[in-house]
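Fold and geometry: a report
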Amino acid sequence: MNRSKLSRLVAAGALLALVAGCNDSAGPAASATTAPAAGSTTVAATPSASASGGTGVAGVPVNGTQTPESVSAALAALPADIRARIPQFPAAPAPFKVELPAGDKAVNFQRIPTTHRVAFITIDDGWTKDPMAMKLFQAANVPITLFLEVDAVKVNPAYFTELQSTGAVIENHTLTHPNLTHLSYEGQKHQICGAADELGKLYGRRPVLFRPPGGAFNGNTLRAVKECGMKASFTWRETTDKGIIRFQDGRRHIASGDIILMHFRPAFVEDFLAVLNVIKKDNMTPALLDDYIP
């Protein structure tokens with residue numbers, strides 16, 4: 001856990017009514033052979049009316065791992081128009097561990113089966129290395145999962161070491177981003193095991209979660225995921241590009257347990273702000289995927 005027991009206790013009173021009033025039902029973990037078609041429903045995420053520049057009670061954000069000093073410094077370093085668009089979040093509710101199936105295949109999740117009003121920010125690849133990302137992560141002070149492709153990060157791995165220092169968790173997105181369903185079992189295993197090993201060397205922690213490139217996977221993928229020591233595979237329920245949130249199933253809101261996908265792309269700043277604000281608009285709190293996986 002990145003948050004201390006004390007921070008949970010402090011936030012518990014504020015969260016009680018929110019959690020108790022949740023009406024979302026927890027469904028089974030979803031799996032698919034390919035990612036849902038992007039763009040089924042699109043919504044431009046606008047800044048939340050209740051956003052107050054990313055600060056919590058007495059000016060101290062309460063959701064992430066940053067110190068008040070680092071958050072204040074990051075906010076001050078950002079342009080005023082961006083600073084004003086960073087919403088505040090309470091601490092996420094205490095997580096529970098999902099049940100993973102036995103057998104030789106890992107499970108794939110499109111969402112985490114929970115009634116907690118939480119959503120999961122995930123960022124893929126690593127090709128575009130926006131210089132503002134570290135300050136944004138520090139200022140937002142929320143849990144973030146990075147599914148990194150080795151080819152995309154190896155030119156400048158230190159960029160992601162800085163992001164890791166903000167509390168972002170680095171996970172596995174293969175060596176070279178192939179369509180895994182076009183590869184043999186051994187080819188898939190090479191991509192998944194090889195990336196886990198390389199990312200472990202670069203960042204001091206071997207990943208335990210996996211995202212298939214393009215959301216494309218098959219039975220061999222899930223076998224290789226488990227064989228390579230990954231606990232689970234993850235696709236998504238929403239995508240983000242150029243500041244637009246695209247919902248995959250006709251909904252126009254974030255639901256409990258949804259996994260949101262964005263990328264390290266040229267529109268990184270707008271995408272990140274859009275994700276924060278749609279989570280805020282729908283009365284959710286960012287949580288960390290790893291906290292829910294045993």
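Reading the values: the criteria
Residues take numbers from 1 onward in each chain, read along the sequence in its written order. Per-residue local features are limited, in this predicted model, to residues with pLDDT of at least 70; the limit for side-chain atom pairs, both in listing and counting, is 80 or more; totals at the level of whole chains, interfaces and linings are taken over all residues. Calculation of side-chain values draws on the structure's entire complement of heavy atoms; hydrogens and water are dropped beforehand. Note on conventions: DSSP H or I runs of at least 4 residues are helices, E runs of at least 2 residues are strands, and numbering of each starts at the N terminus. The protein chains shown are the only cover counted for residues, whose accessible areas, like all others here, come from Shrake-Rupley with a 1.4 Å probe. Criterion for a disulfide: a pair of cysteine sulfur atoms at a distance within 2.5 Å. Relative accessible area decides the class of each residue, using a 1.4 Å probe on protein chains only: under 20% of the type maximum gives buried, over 50% gives exposed, and in between gives partly exposed. You can read pLDDT as the predictor saying how much it trusts each residue, on a scale of 0 to 100. Two residues qualify as a contact provided that any one of their heavy atoms is within 4.5 Å of a heavy atom in the partner residue. Here an angle of 0 to 180 degrees is reported between the N-to-C directions of two axes, which are lines fitted to C-alpha atoms, with helices fitted over the stretch in contact. If an angle is under 35 degrees, it is roughly parallel; if it is over 145, roughly antiparallel; if it lies from 65 to 115, roughly perpendicular; otherwise it is oblique. Should the near helix be turned anticlockwise from the far one by less than a right angle, the crossing is left-handed, and should it be turned clockwise, the crossing is right-handed. Classification convention: Asp, Glu, Lys, Arg as charged; Ala, Val, Leu, Ile, Met, Phe, Trp, Tyr, Cys, Pro as nonpolar; all other residues, Gly among them, as polar. Note on aromatic contacts: the rings of Phe and Tyr and the six-membered ring of Trp form a pair at centre separations within 6.5 Å, being stacked when their planes are under 30 degrees apart, edge-to-face when over 60 apart, and tilted otherwise. The set of buried Ala, Val, Leu, Ile, Met, Phe, Trp, Tyr and Cys residues whose side-chain atoms join them within 4.5 Å is what this entry labels a nonpolar core.

1. Let's talk about the overall build of the protein chain
Along its length, the protein chain carries nine helices and eleven strands. As displayed, the protein chain offers around 11,700 Å² of accessible surface, 56% of which is attributable to carbon and sulfur atoms.

2. Points about the state of the cysteines
What makes a disulfide is a covalent bond joining the sulfur atoms belonging to two cysteines. Inspection of the entire model under this criterion finds one disulfide. One disulfide bridge connects C193 with C228, the sulfur atoms lying 1.8 Å from each other. Taking the sign of the S-S torsion, -95° for the link of C193 and C228, the bridge is left-handed. One end of the pair, C193, is in helix α7 (residues 185-203); the other, C228, is in the loop between α8 (219-227) and β7 (232-234), and 35 residues separate them in sequence. By relative accessible area, C193 is classed as buried at 15%.

3. Some remarks on the confidence of the model for the protein chain
Parts of the prediction with low pLDDT should not have their coordinates interpreted in detail. When pLDDT is averaged across the protein chain, the result is 84; 79% of the residues are at 70 or more. Contacts from residues 1-62, a stretch scored under 50 in pLDDT, to residues over four places away or in other chains number 115 contacts.

4. Observations regarding the packing of helix α4 (residues 133-140) against helix α9 (residues 268-281)
As a packed pair, α4 and α9 sit with axes 11 Å apart at the nearest point and diverge in direction by 15°. Relative to α9, α4 is oriented roughly parallel. Along this stretch, α4 crosses α9, giving a crossing that reads as right-handed. Across from A133, L136, F137 and A140 in α4, the residues of α9 making contact are F268, V269, F272 and L276. Its residues placed into classes, the contact of α4 with α9 shows eight nonpolar, no polar and no charged.

5. A look at the packing of aromatic side chains
Within a pair of aromatic rings, the relevant descriptors are the distance that separates the centres and the angle that separates the planes. Evaluation of the coordinates by the stated rule reveals ten aromatic pairs. Ring centres of F120 and Y292 lie 5.3 Å apart, and the angle between their planes is 90°; this geometry places the pair in the edge-to-face category. Note that F120 is positioned in strand β3 (residues 118-125) and Y292 in the segment after β11 (285-287), a separation of 172 residues in sequence. Taking relative accessible area as the criterion, Y292 reaches 1% and is therefore assigned buried. Their ring planes at 80° and their centres at 4.9 Å tell us that Y159 and F160 sit as a pair that is edge-to-face. Accessibility expressed as a relative area gives 10% for Y159, which makes it buried.

6. Quick word on the nonpolar core
Counting 46 residues, the largest nonpolar core has L146 and F160 as its most contacted members. A per-element tally of this core places α9 first, with nine residues. Ignoring anything within four residues of it in the chain, the contact list for F160 reads G126, K129, L146, L148, V153, I170, Y203 and F264. Of all hydrophobic cores here, the second largest spans 19 residues; its members include F109, I112, I259 and L289.

7. Side note on the packing of α7 against α8
One way to put it is that α7 packs onto α8 with a least axis distance of 9 Å and a crossing angle of 45°. It follows that α7 is oblique to α8 by the angle criterion. Along this stretch, α7 crosses α8, giving a crossing that reads as right-handed. Contacts between α7 and α8 involve Y185, Q188, K189 and I192 on the former and, on the latter, N220, T221, R223, A224, V225 and E227.

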